[in-house]
Amino acid sequence: MVSDEKINVWNELYKIPDPEIPMLTIGELGVLRKVENHDGTWYVYITPTYSGCPAMHMFEEEIKRVMETHRWIPFEIKTIYHPAWTTDWLSEEAKEKLRKAGIAPPEGSASKKALLGEPDEVTCPKCGKKDTKKISEFGSTACKALYFCNNCKDPFEYFKCL
Amino acid sequence: MDLKEALFKYCLRLGDNNLILSHRLSEWCSNGPTLEEDVALTNIALDKLGQARFFLQYAAEIEGKGRTEDDLAYLRYEHEFFNTKLVELPRGDFAFTIVRELINDLFDLFFYEKLLHSKDEKLAGIAAKALKEVKYHVRHASSWIIRLGDGTEESHRRSQNAINELWPYTGELFMMDDVDKTLIDAGIGVDLASIKPLWDSKMKEILTEATLQMPEAGWMQNPSKFNGVHTEHLGYILAEMQYLPRAYPGAKW
């Protein structure tokens, strides 16, 4: 019984959108880690993306709302730091959604980014050309950098490897 | 020293340092030299605020007296803050801000790399999280210092002045007391003497590339992180930061 219900809880929470990148859900982002039930209490585990990400507070509020709406109570939301969140957890499907929304998805693996290393080779999400340049390491949110496409002459955002 | 007390103080130091530096960086919001830089400094401030929250939440949990992260941030006085003097100095010009970032971020980089191996799982987890962000911060500060140092005569002069002015505050970063010793013995804390040579050598490498002089070792400021004795600047930060929660106790927004 509990395990069927656990799948329902997971599926409902999975669908909660990110307020800053609404084309992605907390499930696709990998923020939602696991759901457990111990002695009738629900435990929802989440991992923060960036330490100061303002969206984390909204995720918690939304999780509370969904849990209360479905009467999955009592419940507790627990934040786990380890392992630290990485863009490697973004699914291929999630990356495609980002690209369609005009945001270049993270390229390569987060672990390979060396300190002070060579600038990333980023593909323009609109024209698919690699002829792009970084304008700023920091964009409109902590997770994005600002790039410019030399081919289509448009600025675009890049979801940084972390 | 009791392990619990040492851990509590350790978390306060780390939390306070990030909290106060975050405040100083956030002062650039809407004052940045370019829009992109404004956004960058504000983003870095936000990362540091997040890291401060992790440490203050943990400190509150260890203390176990019902205080929250907010109580620790908003309801302590100057002498109860254990950040370094380095982070509370007024933000100065852009060169001053960047030099302070470089000093602090490079320290954080090597510190978190060691803290990753802490026997305290929570500290190790926070270190893993913070380290990913600090790498971007170091990249930001070092690329700027190279541009400023190796830039115009004016930017070179201002950067060198900032380095000379801030240097006596760098000693505090590596000083240790009973809190550190207790935690190092327990396999929880970081031996700061082990990261000093790493910091020195990377700093030298970056400054050399920026055509700037690394000062000789010399007189250093006393540590605020041990005894809570601060420069006059901390009081002004706290007055601004704590005004609302003190004027409206229990306010929620």
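Read on for a plain summary of the structure. Quick caveat: nothing in here was measured; it's all calculated off a predicted structure. Within any chain, residue numbers begin from 1 and follow the written order of that chain's sequence. The naming scheme follows written order: chains are lettered A onward, ligands numbered 1 onward. In keeping with the model being predicted, local features are shown solely for residues with a pLDDT of at least 70 and side-chain atom pairs are shown and tallied solely at 80 or more, while totals for entire chains, interfaces and linings include all residues. Side-chain measures here rest on the full set of heavy atoms in the structure, leaving out hydrogens and waters.

1. Some thoughts on the packing of aromatic side chains
The relative placement of two aromatic rings is captured by the distance of their centres and the angle of their planes. How we decide: Within 6.5 Å between ring centres, the rings of Phe, Tyr and Trp (the latter by its six-membered ring) count as paired, and their orientation is classed by plane angle as stacked under 30 degrees, edge-to-face over 60, tilted in between. Here a helix means four or more residues in a row that DSSP labels H or I, a strand means two or more in a row labelled E, and each is numbered from the N terminus. Exposure is judged per residue with a 1.4 Å probe applied to protein chains only, and the accessible area is read against the type maximum: over 50% gives exposed, under 20% gives buried, and values in between give partly exposed. By definition, being over a ring means that NZ of Lys or CZ of Arg is both within 6 Å of the ring centre and within 35 degrees of the ring normal.
Using the criterion set out here, one finds 12 aromatic pairs over all chains in the structure. Between B:Phe107 and B:Phe111 the ring centres are 5.8 Å apart and the planes differ by 15 degrees, which places this aromatic pair in the stacked class. Remark: B:Phe111 and B:Phe107 occur in helix H5 (residues 94–115); sequence separation between them is four residues, near one turn of the helix. When sorted by exposure, B:Phe107 lands in the same class as B:Phe111, which is buried. Among the aromatic residues, those joined into a ring-pair cluster are B:Tyr10, B:Phe107, B:Phe111, B:Tyr112, B:Trp167, B:Phe174 and B:Trp199. Its guanidinium or amino end placed over the ring of A:Phe138, A:Lys160 lies 4.3 Å from that ring's centre, counting from NZ or CZ. Over the ring of B:Trp28 we find B:Arg91, and its NZ or CZ is 5.1 Å from the ring centre.

2. Considering unusual backbone geometry
All names here are of chain A. A cis amide bond links Ile73 with the next residue in sequence, Pro74, at an omega value of -5 degrees. Its location among the elements puts Pro74 in the loop between helix H3 (55–69) and strand S3 (75–79). With an omega of 0 degrees, the peptide bond between His82 and Pro83 qualifies as cis. Within the element layout of this structure, Pro83 appears in the loop between S3 and helix H4 (92–100). The phi torsion at Arg71 lies on the positive side, around 60 degrees, for a residue other than glycine. Examined against the element boundaries, Arg71 turns out to sit in the loop between H3 and S3.

3. Remarks on empty space enclosed by the protein
Residue and element names in this part refer to chain B. As a reminder, the rule being used: In this analysis, the protein atoms alone were mapped onto a 1 Å grid. Cavities are point sets where a 1.4 Å probe fits without being able to get out; pockets are open sets with protein on both sides within 12 Å along at least five of seven lines; lining residues have an atom within 4 Å of a point. Grid points are joined across faces, edges and corners, and a volume is the space filled by probe spheres set on the points.
A complete count under the given rule lists one cavity of 30 Å³ or more for this structure. Space inside the largest cavity adds up to approximately 250 Å³. In terms of lining residues, the largest cavity is bounded by 16 residues, among which Arg13, Leu14, Asn17, Phe107 and Phe111 are the most central. Mapped onto the lining of the largest cavity, the elements with two or more residues apiece are helix H1 (3–26) and H5.

4. Some details on the interface of chain A and chain B
Selection rule: Residue contacts are counted whenever heavy atoms from the two residues lie within 4.5 Å of one another. For any pair of parts, buried area is found by adding up, for both, the accessible area (1.4 Å probe) each one loses once the two are put together. Take a side-chain nitrogen of Lys or Arg and a carboxyl oxygen of Asp or Glu: if they are within 4 Å of each other, that pair is a salt bridge. Counted as a polar contact is a pair of N or O atoms within 3.5 Å, where, for protein atoms, one must be capable of donating a hydrogen and the other of accepting one, and residues adjacent in sequence contribute only when both atoms are in side chains. Basically, the charged four are Asp, Glu, Lys and Arg, the nonpolar ten are Ala, Val, Leu, Ile, Met, Phe, Trp, Tyr, Cys and Pro, and anything else, Gly included, counts as polar.
If you look at the interface, chain A gives 27 residues, while chain B gives 27 residues. Surface buried jointly by chain A and chain B totals about 2400 Å² across both partners, of which 63% is contributed by carbon and sulfur atoms. At the boundary of chain A and chain B, one finds one salt bridge. Across the pair B:Arg139 and A:Glu137 runs a salt bridge whose closest N-O atoms are separated by 3.1 Å. For the pair chain A and chain B, the interface holds nine residue pairs in polar contact (both at pLDDT 80 or more). Residues of the side of chain A that touches chain B, tallied by class, amount to 14 nonpolar, nine polar and four charged.

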